[in-house]
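# Observations on the three-dimensional arrangement
Letter by letter, the chains look like this.
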Amino acid sequence: MTRLRTQIPGPRSLDLAARRKGAVAAGVGSTLPVYVERAEDGLLVDVDGNRLIDLASGIAVTGVGNPAPRVAAAVHEQIDRFSHTCFMVTPYEGYVEVCERLNALTPGTHEKRSVLFNSGAEAVENAVKIARHATGRTSVVVFDHAYHGRTNLTMALTAKNMPYKQGFGPFAPEVYRAPMSYPYRDGLTGPEAAARAIDVIEKQVGVPACVLIEPIQGEGGFIEPAPGFLAALADWCRERGALLVADEIQTGFCRTGAWFAAEHQDVVPDLVTTAKGIAGGLPLAAVTGRAEVMDAVHSGGLGGTYGGNPIACAAALGAIDTMAELDLNAAARRIEATVLPRLRAAVGRHGDVRGRGAMLAVEFADRTPEVAARVAGACHAAGVVVLTCGTHGNVIRLLPPLVIPDGVLDEGVAVLEQAIVEGVGR
Ligand SMILES: *Cc1c(COP(=O)(O)O)cnc(C)c1O
């Protein structure tokens, strides 16, 4: 509590909230409406001087730290030389180098190509465009609880109605939803759950252009499919000639203790979408995939004014260097090892504690948002930034910066433990 000077949110944040009401569209929400002035060492410092413990990283974005020294230096260096040319007008080296890194880091040793965009949704849209173009088919298979973005096509790909879809239709066609492997709720093995999904796909779709899946679901509740689920889907895709697209936008870049979460199930996707953690907070996203699939698209068929902006590319190179240098995969695994047992002890039989690396969650047994909202509210009041997720809103998720100091993490988790014990009424 010594980190807090006022109630949360404090008076200056409340003033800004009032100003915001008259200026910012009401449709944009904020989980914890403290207005941030700066960030440091796993903390967000707000305009009232409160220092909040960051267990969210701006939704899995600032894993390398906020600010991250190498990212900041790279951005300064780049913006002093040039800020933009548009890669489609006159190209520059940074874009090429980011693509080379992505091709080397994503799963599989096959020949790859990459293309850069601004947001995760844009990357997913383009992965679908590429898959359609390369296969000559149109249908896309997605899963229960999936989250792929908020644009028209990605809204259709996203499962949850409120708040993402309600009133925003009509949605893009040729999207089919299959049942996900959900070990805590369905009790199926990976191969059993895959057989169930494949049965739906074969009966309702035939062979799609692509099967699009988050290797560990993010907004949908940090659901990791049972072992063998992804491999069985990958086998089916390969046999039928459908492309397997892994949406690694939340799971990528060391978040789960590996460069990409598909590695945990030994799966090599045909296409991978990335964003969030890629560039230390600068807007950048990518599609990386098999050279023959990516290069099937005609010249000029992919792009965008800002896609692979030079400043965002410089930031990505700084961020990726930081991940390698500080071995943030190992850091993520250390976070898992210290936090998971503590949460399991706090939750007991009242829910499921799961996750990998620094992507950890508590799902409360009751399929209503009340307990999770209570627990998150208690954390927020105590100055700890946590997020909720899940189709039923009954999941607390942790996405701490991978560089969070041990003491700060310990303090944040202690607040969460207490909030859980009180929230489930033990
Ligand atoms: C956040 C997210 C997206 C959308 O990314 P934006 O940058 O918000 O458009 C897509 N897929 C997954 C898995 C995500 O977590």
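Procedures and definitions
- Each chain has its residues counted from 1, running along the sequence as written.
- Given that this is a predicted model, residues contribute local features only at a pLDDT of at least 70 and side-chain atom pairs are listed and counted only at 80 or more, while totals for whole chains, interfaces and linings are drawn from all residues.
- Side-chain metrics in this entry use all non-hydrogen atoms of the structure; hydrogen atoms and water are not considered.
- UniProt positions are given in the numbering used here, feature names are shortened, and annotations may be inferred rather than shown by experiment.
- Strands are treated as partners if at least two bridges between them are detected by DSSP.
- Put simply, DSSP marks the helices as runs of H or I at least four residues long and the strands as runs of E at least two long, and each gets a number from the N terminus on.
- Residue contacts are counted whenever heavy atoms from the two residues lie within 4.5 Å of one another.
- Axis geometry follows a simple rule: fit a line to the C-alpha atoms, using only the stretch in contact for helices, then measure angles between N-to-C directions, giving values from 0 to 180 degrees.
- Working definition: a ring pair exists when centres of Phe, Tyr or Trp rings (six-membered ring for Trp) sit within 6.5 Å. Plane angles under 30 degrees give stacked, over 60 give edge-to-face, the rest tilted.
- Accessibility here uses a 1.4 Å probe with only protein chains present; expressed as a share of the type maximum, an area under 20% marks a residue as buried, one over 50% as exposed, and anything in between as partly exposed.
- Working rule: Lys NZ or Arg CZ, within 6 Å of ring centre, within 35 degrees of ring normal, means a charge sits over the ring.

Identification of the chain as (S)-3-amino-2-methylpropionate transaminase from Saccharothrix espanaensis is taken from an unreviewed UniProt entry. We quote the UniProt Cofactor (unreviewed entry) comment for the chain here in full: "pyridoxal 5'-phosphate". Per UniProt, the chain carries the Sequence similarities (unreviewed entry) text "Belongs to the class-III pyridoxal-phosphate-dependent aminotransferase family."

With mixed pairing, the four strands of this open sheet are ordered in space as β1-β2-β3-β13. The open sheet has two edge strands, β1 (36-40) and β13 (384-385), and neither has a second partner. Bridging between strand β3 (residues 51-54) and β13 involves two bridges; their strand directions are parallel. If you follow Ile-53 over to β13, its bridge partner there is Val-384. Across the face of the sheet, helix α14 (residues 406-423) comes into contact with β2 (43-46), β3 and β13 while running at roughly 90° to β3.

A few words now on the packing of aromatic side chains. Taken as a whole, this structure holds eight aromatic pairs when the rule is applied. Ring centres 6.5 Å apart and planes at 75° place the aromatic pair Tyr-92 and Tyr-95 in the edge-to-face group. Residue Tyr-95 is classed as buried on the basis of its relative accessible area, which comes to 8%. An aromatic cluster is present here, built from Phe-82, Phe-87, Tyr-92 and Tyr-95 joined pairwise through their rings. Here the basic side chain of Lys-165 rests over the ring of Phe-171, its NZ or CZ set 5.2 Å away from the ring centre.

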